Amino acid sequence: MRKLLFTAIHPAPYIDSWIEGLKKTFSVSIAYNYKKSAAKTWKTYKPNAGIIIKEYGLINWTRLIAKNDVIILNGWNKLYNIYTLFIALLLKKKIRS
């Protein structure tokens, strides 16, 4: 099964539904910029398990990019997303936004 890295700004119910659909075709790794949204609070929501990019470390993040076949980037406004794009292009990974 092909591996996919899905990045998102924060966990959200609508993102979980996308991920569930992607899991039918890919082995999915999930990475968030933040643990939760300050502006959006869902009282009964339990997010998918994923990593927080800032806490993961640059070397581990680079390894995670390398072992995935497809990268889905959610936004360009964070330094880690620009870094992810750069590394993915160097490694000739498929990138979606």
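Note that this is a predicted model, so its numbers are computed, not measured.

Conventions used here
Per-chain numbering applies: the sequence of each chain, read as written, is numbered from 1 onward. In keeping with the predicted nature of the model, local features appear solely for residues at pLDDT of at least 70, side-chain atom pairs appear and are counted solely at 80 or more, and the whole-chain, interface and lining totals rest on all residues. To get the side-chain values, take all heavy atoms of the structure and skip hydrogens and water. Secondary structure follows DSSP: runs of H or I at least 4 residues long count as helices, runs of E at least 2 residues long count as strands, and numbering of each begins at the N terminus. When we talk radius of gyration, it's over C-alpha atoms, and the globule rule is simply 2.2 Å times the number of residues to the 0.38. The buried label applies to any residue whose accessible area, calculated with a 1.4 Å probe on protein chains only, is under 20% of its type's maximum; exposed applies above 50%, and partly exposed to all values in between. The contact criterion used throughout is that any non-hydrogen atoms of two residues lie within 4.5 Å. Counted as positive: Lys and Arg. Counted as negative: Asp and Glu. His and the chain ends are not counted at all. Taken as the charge centre is NZ of Lys, CZ of Arg, CG of Asp or CD of Glu, depending on the residue. Two strands are said to pair when DSSP picks up at least two bridges between them.

**Let's talk about the overall build of the protein chain**
In terms of regular secondary structure, the protein chain is built from 4 helices and 5 strands. The helix and strand sequence of the protein chain, counted from the amino end, reads β-α-β-β-α-α-β-α-β. Taken over C-alpha atoms, the radius of gyration comes to 13 Å for the protein chain, in line with the 13 Å a tight globule of 97 residues would show. Projected onto the principal axes, the alpha-carbon positions of the protein chain cover approximately 40 × 30 × 20 Å. Within the protein chain, buried positions represent 39% of all 97 residues. Taking contacts inside the protein chain between residues at least 6 apart in sequence as the whole, the part at least 24 apart equals 57%. A gap of 4 Å separates the mean positions of the 17 positive and 4 negative side-chain charges of the protein chain.

**Details of the sheet that holds strand 3 (residues 51–52)**
Strand order in the open sheet formed by 5 strands is 3-2-1-4-5, and the pairing between neighbours is parallel. Looking at the sheet topology across the chains shown, the edges are occupied by strand 3 and strand 5 (94–96). Bridging between strand 4 (residues 70–72) and strand 5 involves 3 bridges; their strand directions are parallel. Residue pairing for strand 5: Ile-71 is matched across the bridge by Ile-95.

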